[in-house]
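# Chains, contacts and geometry: an overview
Here's the letter readout for the chains.
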Amino acid sequence: MGKRKVFEIAFVGLKPGIHEFKYEVDDKFFVDVENKDFTNCTAVVKLQLDKKSGFMLLKFEVGGKADVTCDRCGNMLTKDLWDEFNMLVKLVDNPDEMNAQEEDPDVFYISKTESHLYLNDWIYEFVTLSIPLQKKCSEEEMGGPQCNKEVLAKLKKMEVKPTENNSNDLWKGLDKFRKN
């Protein structure tokens, strides 16, 4: 319960206008997540909440670092996290029905009687989406001290070497039909 309170905003007491919040997220935040692609996460989530009459504009800025497994060699790499996400939260009478019909993932509905905004799921989602899709070291770092040399050597052996004969082998059997 204590963890949840940290990531909620009592927006009813806020005056219309822009309000800023800052959250620090580490591995403790992700304890309940079983299949995460990262470890040693230290992220800072800055939230700018612009409260209007009947809706709120949220802007999340995620920054930090996390350890991920290299897609190429399988060793651990530390990658920077950085991204921005925008959400529109609308206050309506029937939020469940409206959320079921909404196709835009950046629009979310809550009840007009709601007093708190719960950020846990969004923070989890946005930190996870901030991790680069391709998790490998740069070309300059490839083969460096953090790379697994054995795996790189096996990958090198498995490379298909283009030869001139490969392209001719495809058409080789068709030569006999040319003469007919």
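Before any of the text, the structure's been laid out above.
Calculation criteria
Residues numbered from 1 in each chain as written. Predicted model: local features only at pLDDT ≥ 70, side-chain atom pairs only at ≥ 80, totals over all residues. Heavy atoms only, no water. Patch = residues over 30% accessible without salt bridge, like charges linked within 9 Å, V, L, I, M, F, W, Y side chains within 5 Å. Areas by Shrake-Rupley, 256 points an atom, 1.4 Å probe, with all protein chains shown as cover. Salt bridge = Lys/Arg side-chain N within 4 Å of Asp/Glu carboxyl O. Lys, Arg positive; Asp, Glu negative; His and termini not counted. Charge placed at Lys NZ, Arg CZ, Asp CG, Glu CD. Helix = DSSP H or I, 4+ residues; strand = E, 2+ residues; numbered from the N terminus. Buried < 20%, exposed > 50% of the residue type's maximum accessible area, 1.4 Å probe, protein only. Contact = heavy atoms within 4.5 Å. Pairing = 2+ DSSP bridges. Phe/Tyr/Trp six-rings, centres within 6.5 Å; stacked < 30°, edge-to-face > 60°.

## Description of a negative patch on the surface
A contiguous patch of negative charge, built from Asp104, Asp106, Asp121 and Glu125, is present on the exposed surface. Positionally, Asp104 belongs in the loop between α2 (95-101) and β6 (107-111).

## Notes on the environment of Lys46
Residue position: Lys46 is located in strand β3 (residues 38-51). Take Lys46: its relative accessible area is 44%, and that puts it in the partly exposed class. What Lys46 contacts, discounting residues up to four positions off in sequence, is Phe21, Lys59, Phe60 and Glu61.

## Comments concerning the pairing of strand β4 (residues 55-69)
Note: β3 against β4, twelve bridges, orientation antiparallel. Residue pairing across strands places Phe38 opposite Val68, the latter belonging to β4. Across 15 bridges, the pairing between β4 and strand β5 (residues 76-92) is antiparallel. Bridging across to β5, Lys59 finds its partner in Asn86. Here β4 folds back onto β5, and the loop between the two strands holds six residues, one of which, Gly74, carries a positive phi near 90 degrees.

## Quick look at the packing of aromatic side chains
A complete count under the given rule lists nine aromatic pairs for this structure. Considering the side-chain rings of Phe7 and Phe29, the 4.9 Å spacing of their centres and the 70 degrees angle between planes classify their relative orientation as edge-to-face. Of this pair, Phe7 sits in the loop between α1 (2-6) and β1 (8-10) while Phe29 sits in the loop between β2 (17-25) and β3, placing them 22 residues apart in sequence. Neither residue differs from the other here; Phe7 and Phe29 are each classed as buried. Aromatic side chains Phe60 and Trp122 sit 6.3 Å apart centroid to centroid with 70 degrees between the ring planes, which places their arrangement in the edge-to-face category. Pair noted here: Phe60 is in strand β4 and Trp122 is in helix α3 (residues 120-129), with a separation of 62 residues, a long-range link. Each member of the pair, Phe60 as well as Trp122, is classed as buried. Here a set of aromatic residues connected by ring pairs shows up, and it is made of Phe7, Tyr23, Phe29, Phe30, Phe38 and Tyr124.

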